Amino acid sequence: MAIALVLMLLLVGTVLFHFLSPWNLTPLASNWGAIDNTILITFWVTGFVFVVVNLFLVYAIIRYRYNAARRSSYEPENKSLELWLTGITTVGIAALLAPGLVVWGSFVTVPDDAHEFEVIGQQWHWSFRFPGEDGEFGAVDPRLITEDNPFGLDPDDPNSLDDVLVQSPVVLLPIDRPVKVLMRSTDVIHNFKVANFRAKMDLLAGQVTYMWLTPTREGEYDVICAQLCGVGHFAMRGRVEIVQQEVFDEWFARQPTFGELQARAAPDPVAGEQLYATCIACHGSGGEGNRDLNSPAIAGMDAWSVARQLKNFRSGARGTHSEDIYGQQMRPFATLLADEDAIRNVAAYIETLSPVRIEPTVAGDARRGERLYRTCANCHGRDGQGIRAVNGPALAGVDDWYHVTQLANFREGVRGRHHEDMYGNQMVDMAQMLVSERDVRDVVAYINTLAAPGRTMATAQLGAQGDD
Amino acid sequence: MAHTGHDATSYAPPAELPEMELAHPKTFIGKYIWSQDAKVIAIQYAITATAIGFVALVLSILIRLQLGFPGTFSFMTPETYLQHVSMHGMIMVIYLLTALFLGGFGNYLIPLMCGARDMVFPYLNMLSYWVYLLAVLVLAASFFVPGGPTGAGWTLYPPQAISPGTPGIDGGIILMLASLALFIIGFTMGGLNYIVTVLQARTRGMTLMRLPLTIWGIFMATVLAMLAFPALLVAALMMLMDLLVGTSFFMPTMMALGEQTGYQDGSPLLFQHLFWFFGHPEVYIVALPAFGIVSDILATHARRNIFGYRMMVWALVAIGGLSFVVWAHHMYVSGMNPYFGFLFATTTLIIAVPTAIKVYNWVLTLWRGNIQLTLPMLFSIAFIFTFINGGLSGLFLGNVTVDVPLADTYFVVGHFHMVMAVAPIMVVFAAIYHWFPKITGRMLHSGMGHVHFWVTFIGTYAIYYPMHYLGFAGVPRRYYAYGETGFIPESVVTLNSAITIAAVVVSLVQILFIYNLVWSTFRGREAGPNPWKATTLEWQTEHTPPRHGNFGKELPVVYRWPYDYSVPGAKDDFIPQNVPPEQVEMLPEGAVGAGR
């Protein structure tokens, strides 16, 4: 009879768990309360069936337990009972299905007054596009995607030029206005999920998918990817901020249009050279760095990654954590750069500097590091050359002691956890795989063996020898 | 004349087919390695499936260690995590459950329960196993190639399955697809056998409506598999071509980590339709044999006829048919035309009706029975409880509106593990405890069996039930770690740690089960030919374990359905299928024991 008792306990436990569980639907932030209601209806109907059928099961086990002196009843069929049960079940199923279909009807019907924005997913970050003043999205073609045209917009389409581009995983939406979310991917399948909205949908390359919702509650909500999209899937994060219309308008006005970005002048390394004067004291006139000052070599670094970090330093997204002492030292210098053009110019100049020889200083097991590096290679490249499209800067040719400091900072959340450092956030999540000092040393030892552009194989060999 | 059974007649039709000629090998290798005896092939299937299943079990523990204790184990990187998740899923669904139910139980039980000497194509049957073994070896080899096995998830969705950024694109995915193709080829050989044997090689008197539900379940599942696996086969071959030859069946014009690819205008959704056209019936390929087997075990150990036999048969057929028109409920948020949602939500919820009928009839079989709480019965009751839970949570996911917030969360993980992992595995255990005495002639050790049962039953419920609530909270699946996510509280990590501990305990007790199998094979108590006093033909063989050819000189003749338990007026509380009405020993008029 233990089984009857255990079933009874499991039944009671199941019901209690349901009511006492601290894990429940997130606070609703959209118009889709109807989805929550359908869930609630389903809970009551299925909960009722679960309890009744299991109670009957327990009753049967106790009442008809084995007794050598008794015989089972011999009853191959009972047509009326079977018909009744079929009928009641059909009614119950219809009761579940009907409200579901009604709500689905509104889910697929986008209101006429909905404004539109587009979500673009790619490994492993989000960006967004608004149709601009004309209210029409410009044509896109994945073949047109380049580093300067990451959205693949057609420059010859008159609708393109005023499209507003948000090259950041943070987007603002005005409260209480229905919005149609158009979705596409430039590579694999992703899924745009904001738990508080309830609605979600996959993003695919080669087709545009959609859903609609009305944001109803001010606040910041995590965007996560809900369709397995590769190694960085779990770190593909973004943020939707639901704000009043005025706040949205102000933010929206600050976002560049495609036309503005196209018309922007190329960065000027000559102008950058003058700005670089303030950097020389620590990073050296040739960008060779100075270990004693904890200043890494920067010569030849990709301009886009230098620019991003300078922007982070300037805005305080990096170098403001109380434990990031060296980052704090960098901040005042970054704030000397007046505007985005200044940042682009100095970054362009740094890229022109010839890379210097990096002396290995970290000893570790490069072979073990190679296995760990397999994960890193997805964003930073198999040769550590960096992949701009996934926001992974080059790692080869960077001072190994600097890697060690930064990996530790990421792992502890000293760097990258800032609210505005969306790409740094990803690295915090990724760095969790390096669970010990040894893991960090091993992976850095392997990075030392990767020949950086401008480094000879001889130095790479030297790095390899340092492992043993 | 007193009642001697539901459909018993003295008439048996004459034999239509000549006796089958069997090749009786003389050597050890001929008998046990290159064997054409379905029973030996069944055991080969079972051992291979269990072995690779244990690999998948270990993978699941590694997955759970990462989820329960993130940032603790340096052997778990995001890459290895995804690889373990993918291989765990694929192995469990295809290489363990499908192979075990059809290749294992199918091979052992179909000829015996139909009253046949063997499968109708014994040589093909042997070949089926060896191709399956090859498929398993190719799959296992992917652990050892550079870059390791694929980490694309068991669903292998393109483009990511064959794009950079996914582990295993150097070789793992090729081996995965090749192994699937091999598996399907091998399975087709076996499947043809099962279908033809059931249709053509039943003994005299064994009408379709006298078949035990076990055979009905396995038969329907095989029919589904023969129709569904080709979709997976073409999907696998087309993906291989996209990867190796540069076609664009599933690959749209796209970038890959910042580089333009040569792919053009393929359709990722096409793969999903093919995959789930296979994938949904696959759920029932695993479930229908379980439904059938559990029906027979419940009837035998409750000493009562299965309630509503004809309804049970038609429910199996209905579920099998409907299972081909519900596939897109896996794709509600895939970006397919959203209007499909109306159709597929409706068909999906309709399938709940025949499924619910089966549950009612199992419970009604216990009702007014005489329930012996043997180990097979305990596992069967555990199946009913688990299946009710998993079936009801399916009503959430099948109803398109409710699915939207829950898709790709731990609710899905909880649901499908409950309904197609734990529930069928409970039946696997019930079946092993039930038929082990026939297969080896010895009983499994009851003490070890009880420890195994209680830990497995309560442990798996503790693992999977709470997961549904993580899903309500929005916790996504296939995540290596959750980092700082606004809507995921710290308590989720605590719950994950607890689930992991439960999973480790449940896994450890499976070692005890394997030990019990080995120990009992040599040391178990002698079982005798029919320890459960069951009616079906496999318990009526001349020898236990049955020899090659299954039955004695004469094949048994069937006079009744398989559920003549506790027939009023009969002396014994069971009448085997091969006992004609006039040979039933009756109680004297007015004696006790005639029903309740």
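All values reported here derive from a predicted model rather than from experimental measurement.

A. Spotlight on the overall build of chain B. Helix and strand counts for chain B come out as 15 helices and two strands. Taken against the 2.2 N^0.38 rule, which gives 25 Å for 596 residues, the C-alpha radius of gyration of chain B at 25 Å falls within 12% of a compact globule. Over its C-alpha atoms, taken along the principal directions, chain B stretches across nearly 85 × 50 × 50 Å. Per-residue burial for chain B yields a buried fraction of 64% across its 596 residues. By sequence separation, contacts in chain B at least 24 residues apart represent 80% of the contacts at least 6 residues apart.

B. Structural context of the sheet that holds strand β5 (residues 179–185) of chain A. Residues and elements named next belong to chain A. If you trace the five strands from one edge of the open sheet to the other, you get β3-β2-β1-β5-β8, paired in mixed fashion. Every other strand in the sheet has two partners, leaving β3 (164–166) and β8 (209–213) as the edge strands with one partner each. Adjacent strand axes in the sheet meet at a mean angle of 25 degrees, parallel and antiparallel pairs treated alike. Pairing geometry for strand β1 (residues 115–122) and β5, over seven bridges, is parallel.

C. Molecular detail of the interface of chain B and chain A. At the interface, 105 residues of chain B touch 98 residues of chain A. With nine residues, the top contributor of residues to the side of chain B that touches chain A is helix α11 (residues 375–398) of chain B. Each residue belonging to the side of chain B that touches chain A can be placed in one class, and the counts come to 62 nonpolar, 33 polar and ten charged.

D. Just the pairing of strand β10 (residues 237–243) of chain A, in detail. Residues and elements named next belong to chain A. Of all seven residues that make up β10, five are buried, and the element is covered over most of its length. Here five bridges tie strand β4 (residues 170–174) to β10, and the two strands are oriented parallel to one another. Looking at β10, one finds that Leu173 is bridged to Ile242.

E. Broad picture of the domain arrangement of chain B. All names here are of chain B. Each assigned domain of chain B is listed with its residue range as follows: domain 1 (38–200) and domain 2 (546–596). For domain 1 and domain 2, the distance between their C-alpha centres works out to 41 Å. Taken together, the contacts link five residues of domain 1 with six residues of domain 2. Along the lines of polarity and charge, the residues of the side of domain 1 that touches domain 2 split into two nonpolar, one polar and two charged.

What counts as what
- Residues numbered from 1 in each chain as written.
- Chains lettered and ligands numbered in written order.
- Predicted model: local features only at pLDDT ≥ 70, side-chain atom pairs only at ≥ 80, totals over all residues.
- Helix = DSSP H or I, 4+ residues; strand = E, 2+ residues; numbered from the N terminus.
- Rg over C-alpha atoms; globule rule 2.2 N^0.38 Å.
- Buried ≥ 20, exposed ≤ 12 C-beta atoms within 10 Å, placed from the backbone.
- Contact = placed C-beta atoms within 7 Å.
- Pairing = 2+ DSSP bridges.
- Axes fitted to C-alpha atoms, helices over the stretch in contact; angles between N-to-C directions.
- Nonpolar A, V, L, I, M, F, W, Y, C, P; charged D, E, K, R; others polar.
- Domains from an automatic or database assignment.

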